[in-house]
Amino acid sequence: MAWLQLIRIHQWPKNLFVLAGLFFGARWSDPTAWQAALAAFALFCLASSLVYLFNDLRDRESDRQHPRKRTRPLASGVITPAAAWRALVLGAILLCLLAIWWRPPGVGLLALYLALNLGYSLGLKHLPVLDLLLVTAGFVIRVLAGTQAVQVPASSWILLCSGALAFFLAVAKRRLDLPDAGGGDPTFRGHAPAFLDQLLALGAACTIVFYGLYAIELNLAAVARHDFLWTLSFVVFGVLHYLGQVHRHQGSGRGLLLDTPLAATVAGWLLTCWILLR
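In this report, we go over the structure that sits alongside the text.

Criteria and cut-off values
Residues numbered from 1 in each chain as written. Predicted model: local features only at pLDDT ≥ 70, side-chain atom pairs only at ≥ 80, totals over all residues. Heavy atoms only, no water. Helix = DSSP H or I, 4+ residues; strand = E, 2+ residues; numbered from the N terminus. Buried < 20%, exposed > 50% of the residue type's maximum accessible area, 1.4 Å probe, protein only. Axes fitted to C-alpha atoms, helices over the stretch in contact; angles between N-to-C directions. Parallel < 35°, antiparallel > 145°, perpendicular 65-115°, else oblique. Left-handed = near helix turned anticlockwise from the far one by under 90°. Contact = heavy atoms within 4.5 Å. Nonpolar A, V, L, I, M, F, W, Y, C, P; charged D, E, K, R; others polar. Core = buried A, V, L, I, M, F, W, Y, C linked by side-chain atoms within 4.5 Å. Salt bridge = Lys/Arg side-chain N within 4 Å of Asp/Glu carboxyl O.

When helices and strands are counted, the chain shows 12 helices and 0 strands. For the chain, the succession of helices and strands along the chain, N to C, is α-α-α-α-α-α-α-α-α-α-α-α. In terms of principal-axis extent, the alpha carbons of the chain reach across some 55 × 50 × 30 Å. In the chain, buried positions account for 45% of the 278 residues.

So, on to the packing of helix 3 (residues 31-63) against helix 5 (residues 81-102). In the contact formed by helix 3 and helix 5, the axes pass within 10 Å of each other and the chain directions differ by 155 degrees. Comparing the axis directions of helix 3 and helix 5 gives the class roughly antiparallel. Relative to helix 5, helix 3 is oriented so that their crossing is left-handed. Contacts from A39, A42, L43, L46, A47, L50, L53, F54, L57 and R60 of helix 3 reach helix 5 at P81, A84, W85, A87, L88, G91, A92, L94, L95, L98, A99 and W102. For the contact of helix 3 with helix 5, the per-class residue count stands at 20 nonpolar, 1 polar and 1 charged.

Further remarks concern the packing of helix 10 (residues 232-247) against helix 12 (residues 260-277). The geometry of helix 10 relative to helix 12 is characterised by a closest axis approach of 9 Å and an angle of 160 degrees between their N-to-C directions. Between helix 10 and helix 12, the interaxial angle falls into the category roughly antiparallel. For the pair helix 10 and helix 12, the sense of crossing is left-handed. On helix 12, the residues that touch F234, V235, F237, G238, H241 and Y242 of helix 10 are P261, L262, T265, G268, W269 and T272. The residue inventory of the contact of helix 10 with helix 12, partitioned by class, reads 7 nonpolar, 5 polar and no charged.

To continue, consider the nonpolar core. In this structure, F168, V171, L200, Y211, Y214, F228 and Y242 are the most contacted members of the largest nonpolar core, which totals 36 residues. Those elements giving two or more residues to this core turn out to be helix 2 (20-24), helix 7 (130-149), helix 8 (156-181), helix 9 (193-220), helix 10 and helix 12. Non-local contacts of Y214, meaning those with residues more than four positions away in its chain, are made with F24, S155, W157, I158, C161 and F228. By size, the runner-up hydrophobic cluster in this structure holds 25 residues, among which are L43, L57, A84 and I141.

Looking at the element boundaries, L122 is found in the loop between helix 6 (107-121) and helix 7. In this view, L122 contacts F54 and R58; residues no more than four positions away in its chain are not counted.

Turning next to the pattern of salt bridges. Inspection of the entire model under this criterion finds 5 salt bridges. Where K125 meets D59, a salt bridge forms, and the shortest distance between an N and an O atom there is 2.2 Å. Taken as a pair, K125 in the loop between helix 6 and helix 7 and D59 in helix 3 lie far apart in primary sequence, 66 residues in all. One exposure class covers both K125 and D59, and it is buried. A salt bridge links R175 to D197; the shortest N-O distance between them is 2.9 Å. Remark: D197 occurs in helix 9 and R175 occurs in helix 8; sequence separation between them is 22 residues. Here R175 falls in the buried class, since its relative accessible area comes to 13%. Taking the relative accessible area as the measure of exposure, D197 reaches 25% and is therefore partly exposed.

Here we come to unusual backbone geometry. Positive phi, close to 55 degrees, is recorded for R8, a residue that is not glycine. Locating R8 in the fold gives a position in the loop between helix 1 (2-6) and helix 2. Given a relative accessible area of 9%, R8 falls into the buried group. Even without glycine at this site, Q151 takes up a positive phi of about 55 degrees. When you line up the elements, Q151 lands in the loop between helix 7 and helix 8. Residue Q151 is classed as exposed on the basis of its relative accessible area, which comes to 68%.

Here is the structure:
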């Protein structure tokens, strides 16, 4: 259980952004596309776990002083640094071997993802706003890698929508964690609550507007069987619901998946999109 916590297996659903190209490119009936998309998903899951592992190794001393992070396996001493370093090296070797074996089209984007996160862990996360943009870039890279894996062109609207949503969720995570930091965690320095609230509103508005414009484009291109703007209702409710949860301090990265109304909204959106696009 400690190792699963260390590699953040509960964060793997974030890598589902890789499957966006498979879904919106209407390639879900193609077994070859599924194989390529799932291979890319697996690579990003492994890569993200290596990033978390490296970050925890670097921050284990400061994590011991944090009211919440001190329970992490490395900070609490449940897993030794030597064992973690061995796991990191073995994981990196495995990632390289899998990338060479599968040769996914988006392997260059995977390398870029790792490079950005390495810079993030080495100090860029202490720079306000830039840290949020780096997290956002990580999600956009996932989408791009997924579209390349299934050989589907990534439309500008897909990138804008995924980027806006990722920015919104990144700001929400900072806003929710801010009270726990107590002003002592350098990751959160410069992120004043009022400023984060403004960024939250900006991210929510951009997500809704960009998605609405994307839905209009699909209608004009006659891609959907019926008016695709119907799906906008799910996006509006989901974004506003989670925004309310953030301001009530009742959400978190994990809470996003456990929130029943939000989970039902995502399921309804996926089902409606599938019906309209098939």
